[in-house]
Every structure is written in structure tokens, then in C-alpha cells.
Amino acid sequence: MAEILKIENLTKYFGGLCAVDDVSFSLAENVITGLIGPNGAGKTTLINMISGAIPPSHGRILFNGADVSGRKAYAVNNRGIARTFQVVRIFSKLTALENVLAGLVDRRQKGPWSLAFASLVRGVAKGSYNPENRRAAERLLDLVGIGGYRDELAGNLPYALTKRLEIARALATRPKVLLLDEPSSGLNPAELVDQIALIREIRKQGITILIIEHVMKVIMDISERLIVIHYGKKIADGKPEAVYTDPNVVEAYLGGESHAAR
Amino acid sequence: MSRQVRHLLGTVAVIAALLILPRVIQERYFLHVVVMAGIYSIMTMSWNLLAGYSGQLNLGHAAFFGIGAYTSALVAMKLGVSPWFGLLGGGVIAGFFGFLLGFPSLRLSGPYLAITTIGFAEILRLVAVNWVDLTRGSLGLSGIPLLTPIRVGGLKLEFYFERDYYYVVLAAVLFTYFCMRRFTDSEFGVSLQALRDDEQGAQSIGIHTSQYKLAVFTLSAFFAGIAGGLFAHFARLVSPDTMSLHVTFDTLTMTMIGGLGTTAGPILGAVLLSLLSEWLRTLEDFFKMDIRLVLYGILLILTIRFMHGGLVGVFQGLKERFSGYGRTRNGGADHG
Amino acid sequence: MESLFLQQTLNGLIIGSIYSLIAIGLTMIFGVMKISNFAHGDFAMVGAYTAVFLMAWLPGWMGWVGSVIAAAAVVGILGIVTERLIFRPLLGRWTDIDIIMVSIGLFILLENLAQLFFGATPQMISDPFRGATLGVGGVSTSMLRLFCLGFSCTAIAALQIFLNRSKLGIAIRATSQNRFAAQLMGVDINLIYTLTFWVGAALAGVGGVLYGTTFAVHPLMGAMPTLKAFVVTILGGMGNLRGAIFGGFILGVAESLGGNYLAMEYQHAIGFFIIISVLLLRPRGLFGTREGT
């Protein structure tokens with residue numbers, strides 16, 4: 001199985017505090033990998049480095065062989081890595097549809113000036129957005145199950161739906177790798193079932209997924225591989241059944257929180 | 001009659017009314033007020049693009065107005081070039097300064113950015129006061145040339161009287177409005193609003209936010225500069241006061257009351273407040289005092305407190321209440 | 001030459017102490033409520049006018065002292081009223097831009113109300129020392145200005161004691177650092193908000209009296225102190241009290257020396273030059289820390 005994302009010795013210091021300590025792993029293409037660990041273990045920091053939100057202190061990130069370490073978030077996204085946030089960052093004054101349309105814009109080719117110019121010279125009859133993009137946006141909203149809220153302001157949507165909107169928006173950027181940061185937090189059991197189905201559906205489209213989760217039900221159900229982070233260090237990496245019984249992992253979770261909601 | 005046909009007819013009717021206005025109401029004073037309202041509406045629309053759609057708090061907007069005014073005046077007076085080119089040049093130079101002011105916005109936001117922009121405008125105003133050789137200091141530039149007449153077919157159009165200058169300003173206002181609608185209702189616009197609503201979120205979907213900030217500062221400044229140039233050839237006097245904080249505050253008061261972040265709000269605010277201001281001036285004899293600016297302050301406070309979304313917001317709210325739409329956005333809902 | 005330098009430095013320190021006094025109020029309000037109050041300078045203006053009227057009625061020593069007390073009271077009340085009616089209802093519901101805008105609205109309102117009621121002609125606060133000066137080794141200054149310096153420093157020191165030793169003062173500092181935790185510890189947030197605004201406004205009012213004794217008093221005088229206070233606040237880090245104190249003196253001296261040795265006309269722009277440079281290099285200000293203070 002091809003390695004689409006390779007993390008080598010990734011480290012992050014915040015002042016004197018080491019949040020991520022020499023973590024290495026690789027993601028196989030089109031596989032769902034779970035990233036778990038007690039709170040504050042450094043999982044989000046790891047995602048932030050991979051997605052370019054913060055620069056690493058040491059280490060390398062290789063995406064399809066190319067070194068993307070330290071690249072800014074928009075550049076990383078343009079190369080094909082998308083992410084969601086632990087606390088959603090949707091565009092609250094735009095409609096759900098517009099949120100997704102914002103993601104669909106082809107930014108590899110077009111910067112602000114060409115978009116501004118294009119907006120001025122487009123024909124009178126033509127709508128604000130390319131009809132293909134519009135249809136694609138609608139399809140994405142349907143995929144995540146919020147098609148009916150298309151014209152609703154994102155800020156008015158209930159929290160659980162905004163999480164799905166964020167996923168749709170991330171998918172709109174046509175990523176090869178999708179990083180999900182606790183997508184299931186705040187969901188009730190029925191919504192969790194839908195969530196699992198959605199993630200499986202995304203994988204069917206050929207996308208590689210790395211998912212941070214605390215909700216064990218989701219993680220154990222869909223992960224084909226599990227990585228465990230504790231105090232910034234990787235302490236386990238392998239098949240879920242193996243990781244689950246790994247003594248290091250058990251010890252890490254004992255005394256911390258255990259969400260044995262299986 | 002389909003929605004689009006109705007829309008088109010409405011637009012044609014409005015433009016027709018605007019075209020014959022000076023022929024119907026010929027009073028010079030009234031037209032003077034209308035021309036100034038038009039110039040102000042270009043200011044408000046340009047500020048709205050920056051603050052309302054892109055979330056960049058620029059309190060130095062008057063600087064762009066002043067740069068456009070001074071440039072246009074100086075180009076016409078010292079270089080002997082046609083004022084029409086000066087007008088355009090004023091916009092371009094102002095746009096350049098807008099680009100410069102974009103750089104602080106890359107690192108700063110909120111009050112930090114606000115003060116930096118005020119500082120920028122203040123420094124430029126002091127330059128205008130002190131670089132007497134160029135700007136004649138506090139006296140300002142007077143006797144600015146008129147826009148040169150243009151010949152169309154057998155007609156010669158001159159731009160001395162308000163009723164004629166009106167058409168230049170009207171053209172500029174319509175052009176600005178057209179650009180603003182296109183900018184905001186497009187992929188560009190949705191990217192700007194993404195930047196406004198959540199900068200980090202915008203970056204996560206590939207938006208190079210720095211480039212967008214520089215672009216929108218430049219565009220906003222360009223239009224403000226055009227407004228300045230139009231002012232220069234109308235009032236025919238520019239002074240450092242043209243760049244004062246009060247000009248900026250007028251602009252933002254009009255925009256907020258009209259409706260920040262809407263396309264019609266800025267024009268509505270500019271026109272309404274200009275007319276209100278003049279009406280109050282006539283009442284000054286009655287009240288024995290000038291309460292216009294006091295009213296500005298009160299209106300601004302009340303608007304933010306109670307009428308968030310400005311007048312346009314209020315109209316939209318009423319419309320939704322009476323036609324039973326859900327809590328969605330109107331106006332732009334029908335995207336091609 | 002030497003004594004000119006010292007003289008200008010002294011002048012700078014004197015005016016700087018007034019800047020500090022006004023800026024402290026601004027930075028406190030920002031630190032506790034996250035409000036950038038663009039009308040702050042107008043609080044100073046109201047204080048100055050209070051002094052004008054009181055001194056006209058009761059000139060000399062007593063009038064001056066009375067003015068300061070009256071200014072603190074009047075502006076303090078103004079502060080409480082604006083906090084309750086204008087700012088508090090907006091907290092948490094609207095964005096930063098809205099709060100800045102509403103304070104601009106307040107600025108416009110106060111400025112023009114003053115113009116309406118007091119007229120545009122500049123007024124002076126009469127000098128209780130009647131022009132007496134004091135000279136020591138080549139530098140001299142008016143007794144009045146010296147008194148202003150002493151008074152500002154005393155007020156600043158008193159504030160520090162209040163914030164460090166008294167229960168309410170500590171509560172204010174706690175709220176400034178972590179609103180949530182302070183609430184959990186039993187602090188009445190609404191009371192703290194009102195108190196902070198009251199103290200902040202009162203300080204501005206007093207600063208306004210001092211400012212008015214140095215410069216003329218007129219309705220539009222509020223803009224300068226507002227901008228200077230923001231410059232000082234940003235220089236010192238918004239919400240950072242020590243920073244505001246140091247920043248005020250730094251700005252005062254920089255303006256005085258810069259104005260004298262570089263360019264008098266751009267004296268008022270010096271502050272902006274300084275903060276633009278500072279912000280581009282250190283966006284948190286000279287004393288600011290990563291997240292609040």
C-alpha cells in the first residue's frame with residue numbers, strides 16, 4: 001500500500017514546553033487511521049503542524065514524497081491536505097452553500113486579483129457561481145446530510161450540523177488526505193451512526209483519513225490502524241485490537257479518562 | 001412576469017429616474033447636496049468592501065480620499081494634464097497607498113489595526129499641512145480646474161454647474177456600485193467574507209489571506225481616491241481637513257446606519273444622512289443650534305444597539321416577517 | 001545644550017505623566033472588559049470643562065483641588081452611565097468592530113454636545129499658582145506643571161495600591177486576567193465592570209483637568225488624548241498597567257525630545273511612528289505578553 005503521508009521526527013516546542021516529541025509515522029493511502037491519546041497529549045498540535053497551521057520545531061512532513069514541512073496552511077491545502085477543527089471554524093455569516101462554495105474555488109490557479117477581475121467581466125446572464133460548482137456544493141451538502149439547510153446562515157445552524165458543514169467544506173477543496181479533529185464530539189448515539197457511515201463513504205471516494213477521536217465507539221469501529229500519543233510521544237502504532245491490549249496504552253489511559261463506551 | 005424581468009424593469013426605472021432628476025428639480029442647492037451625497041456614497045461603498053465584507057477595520061479611510069483629491073488637483077494644476085486623467089491618477093495613487101496600508105493588516109487586527117490606520121492618516125495629514133511647497137499647507141489648494149468639457153456628437157458637455165457635474169458623479173456611483181456587487185457576489189466575494197468570518201478557517205481551505213488583504217485594501221483605496229478626485233474638481237478646494245478623522249467618522253457612520261456588509265446599505269446611509277444633515281441645517285435657525293453631529297452620534301449608538309444590520313437589516317427583517325421566509329439570506333438567494 | 005536636553009526631558013516627563021494617567025484608565029477598561037473605548041479622550045474633555053466651570057466660581061487653590069475631585073466625580077458618573085446603557089448590553093453579543101464603532105458614536109456625541117453647550121471658543125483653567133515658576137540648575141518649570149507631575153504620580157501610586165492591596169482591586173486584576181476563573185471564585189462580574197469603568201473614567205477626568213491646565217480646553221480637545229492614550233496603551237501592551245505607566249512617560253519624553261531636536265511640526269505624529277514600528281516588530285507592545293497580562 002502506497003505511503004501518501006510520512007511524518008519524520010516531528011517535534012514542537014512552545015517555549016520550554018514540548019508538546020510533540022519526535023513523532024514518526026506514515027499513512028497508507030486510502031486507509032482510515034485513528035489518532036488517540038489522553039487530553040493534552042499533543043494530537044491537535046500534530047494536526048496543526050501537518051496542515052500547516054503552525055510550523056514544526058524539528059522534523060519533516062512528506063506528502064507524496066514532497067517536503068511540505070513549514071509550509072503555510074493555504075499552501076498545504078492547495079497541495080491536497082484538508083482538515084477540520086476541534087472547535088468549528090465555519091463562516092457564520094455565509095450560508096451553508098456559500099461555505100462549501102468557498103472551498104470549491106480553484107485556488108491553485110486563481111488568486112484574489114484574477115478572481116476580482118473575473119467577477120467584473122463575467123457575462124450578465126451568468127450567475128454568481130459556475131453552475132458546476134453549485135451542483136458540486138449541493139452534492140457535498142447532501143453527502144454530509146445537511147442538504148436541506150443549504151440557504152441557512154451557517155451561524156444559525158445547530159452545533160452538530162456545523163461539524164458536518166465543516167467536513168463538507170473541507171471535502172470541497174478536493175483533498176487527497178483529510179484530517180478530522182474530533183468530529184464526533186457533542187454528537188448523540190444516532191448521529192454517531194451517521195458519522196461512521198459518512199466517514200466510510202468519504203474513504204470510498206479514495207481519500208486517506210486521519211481522525212482524532214475520544215469517542216471510542218467511532219474510533220474502534222472505523223479505524224483500520226491506530227496511533228496512540230501520550231505526553232507528545234507516540235506510544236503505540238498498529239492494528240486496533242493490538243493497540244487496545246498494549247500495556248503501555250492501558251497504563252496511559254488508566255488514571256486519565258477512559259471512554260470505554262463500547 | 002418573471003422575477004428577473006421585474007428586477008430588470010425596476011432597475012431601468014430607477015436609473016431613468018436618476019437620469020432625469022436634475023431636469024425635474026433644478027434648484028442648485030439641492031443638486032449640490034445630491035452630488036456630495038453621491039461622492040460620499042462612493043466613500044461608503046469602498047469602506048464597506050473593506051470593513052463590512054472583509055472585516056478589516058480601517059479608520060484612516062479619509063487618507064485615501066485626500067490622496068485622491070490632492071493628486072487629481074496637483075496633476076491638473078502642476079502638470080497641465082487633463083483633469084480626467086488626474087481623476088484616474090488620483091485613484092491609482094490612492095490604491096497604491098492602500099496597498100501599503102495593507103501590510104500592517106497582515107499582522108494586526110481590531111484596535112491595533114484601527115490605531116495604526118488612524119496614525120497613517122494623521123501622518124499623511126501632517127505631511128499635507130507641512131509640505132507647503134507642494135500642498136500650500138493649511139491654506140490648501142484652491143482654484144482647482146474644472147473637468148474639461150467633452151464633445152459627444154454635436155453636443156458639448158461642460159462640468160461647472162451642479163446639474164452637469166451630477167452626471168459625472170452618477171456615472172461614478174453606478175460604476176462603483178456595479179463593481180461592488182460583482183466583487184461581493186462572486187468567488188472573490190465569498191473568499192473575502194470567509195476571511196472576515198474566520199481567518200484561520202479561510203486559510204484551511206486554501207485562501208492566501210495575506211494576498212486577499214492587500215488586494216482588498218488596494219481596491220477599497222482606489223475607489224476612495226476616485227471619490228476624492230471627484231470632490232476636488234467639484235468643490236475646487238482641497239485642504240488637509242479633507243483628510244481629517246471627521247471625514248472617516250462621517251463615512252463610517254453613514255455606512256453603519258445604512259447597513260454594514262450589505263450592498264445597498266452604504267448608498268442608503270450616505271444619501272439619507274446627507275439629506276438629513278441638510279434638512280437639519282435649515283432647522284438650525286429654529287433651534288438656534290447645530291445639532292446635526294449630535295444626531296449622528298446618537299444615531300450611530302442607537303443603530304449598533306438596536307438596529308444591527310442598519311436600515312437595510314431592518315427592511316430585510318420586515319420583509320421576512322411579512323412574507324414568511326425562513327431565517328435565510330435574501331437578495332442573493334437566486335444565484336444564476 | 002545640556003540644560004536644554006534636561007529641560008525638554010523634564011517637560012516630557014510632565015506631559016508623559018498626564019498621558020499615563022489617562023492611558024491607565026483606557027488600558028484597565030480594555031483589560032477587564034475587552035472594550036476599546038474611543039471616547040476615552042472625551043472623558044478627559046468633560047473633566048477639563050468641569051474644572052473650567054468650578055475654577056471660574058472658586059478660583060485659586062481650593063478651586064483647583066475641588067476641580068480635580070469634581071472631575072473625578074462627574075466623569076466617574078458619566079462612565080458608569082455609559083457603561084450601563086451603552087457598553088454592557090453589547091458585551092458578548094456583538095463583535096469587536098461593533099464595540100469600537102459604538103464608542104466612536106459616543107465620541108462624536110460627546111464632542112458635539114460639548115460644542116453645543118460650551119461653545120467652540122477655547123477656554124483656560126486659571127492657574128492657582130499665578131504663573132510662579134521654579135528653577136533648579138538650568139531647568140525650570142512652572143509650579144503648576146510641577147504640581148501636575150506630582151499629582152499624576154500620586155494618583156498612579158494610589159491606584160497601584162488600590163489594585164494590589166484592596167479586595168476590589170485584586171478582583172479587578174483577576175477579572176482582567178481570567179474572567180471565567182474570577183467568576184468561579186465568586187467575583188461579581190457586573191460590579192467589577194461598573195467599578196472598572198468608574199475608576200477608568202474618573203482617572204481620565206482627572207487627567208483631563210491636568211491636560212487642560214497645560215493645553216487649552218475646547219470641545220474638540222478629546223481627540224488628541226484619545227489617540228495618545230491608545231498609543232500609550234498599545235506601546236505598553238493593551239491591558240497592561242505597568243506598560244501604560246512606562247509607555248506614557250516614554251511617549252511624553254519622545255515627543256518632547258523628538259519635537260525639539262527633529263521636527264516640531266510632526267511632534268504629534270511621533271507617537272504614531274513609534275507604535276507603527278513597535279507593532280510591526282512586536283505586535284503585543286513593548287511590555288505585552290502573549291495572551292492578556
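Shown above is the structure to which this text applies.
Residues numbered from 1 in each chain as written. Chains lettered and ligands numbered in written order. Predicted model: local features only at pLDDT ≥ 70, side-chain atom pairs only at ≥ 80, totals over all residues.

Draft legend 1. Representation of the overall build of chain C in the model. Counting its secondary structure elements, chain C contains 11 helices and 2 strands. From first element to last, N terminus to C terminus, chain C shows the α and β order α-α-α-α-β-β-α-α-α-α-α-α-α. Compactness check: chain C gives a C-alpha radius of gyration of 19 Å against a globular reference of 19 Å for 293 residues, within 12% of the reference. For chain C, the C-alpha atoms occupy an extent of roughly 55 × 45 × 35 Å along the three principal directions. Across the 293 residues that make up chain C, the buried fraction comes to 50%. Within chain C, counting contacts between residues at least 6 apart in sequence, those at least 24 apart form 78% of the total. (Helix = DSSP H or I, 4+ residues; strand = E, 2+ residues; numbered from the N terminus. Rg over C-alpha atoms; globule rule 2.2 N^0.38 Å. Buried ≥ 20, exposed ≤ 12 C-beta atoms within 10 Å, placed from the backbone. Contact = placed C-beta atoms within 7 Å.)

Draft legend 2. The arrangement of the packing of helix α4 (residues 83–107) of chain B against helix α5 (residues 110–130) of chain B in detail. All names here are of chain B. As a packed pair, α4 and α5 sit with axes 10 Å apart at the nearest point and diverge in direction by 155°. Taken together, α4 and α5 sit at an angle that is classed as roughly antiparallel. The crossing of α4 and α5 is right-handed. Mapping the contact onto sequence places L101, P104 and S105 in α4 and L113, T116, T117 and F120 in α5. Class assignment for the residues of the contact of α4 with α5 results in 4 nonpolar, 3 polar and no charged. (Axes fitted to C-alpha atoms, helices over the stretch in contact; angles between N-to-C directions. Parallel < 35°, antiparallel > 145°, perpendicular 65-115°, else oblique. Left-handed = near helix turned anticlockwise from the far one by under 90°. Nonpolar A, V, L, I, M, F, W, Y, C, P; charged D, E, K, R; others polar.)

Draft legend 3. Region of interest: the sheet that holds strand β7 (residues 177–181) of chain A. Residues and elements named next belong to chain A. Spatially, 6 strands are ordered β6-β7-β8-β3-β9-β10 in an open sheet, and the strand pairing comes out mixed. A single partner strand is all that each edge strand has here, and the edge strands are β6 (81–83) and β10 (233–238). Each adjacent strand pair in this sheet contributes to an overall mean axis angle of 15°, direction not counted. Bridge analysis of strand β3 (residues 32–36) against strand β9 (residues 225–230) gives 4 bridges, and the strand direction is parallel. Along β9, the bridge assignment pairs G34 with L226. Helix-sheet contacts for helix α7 (residues 189–204) involve β3, β7 and β8 (208–212), and the interaxial angle to β8 is about 150°. (Pairing = 2+ DSSP bridges.)

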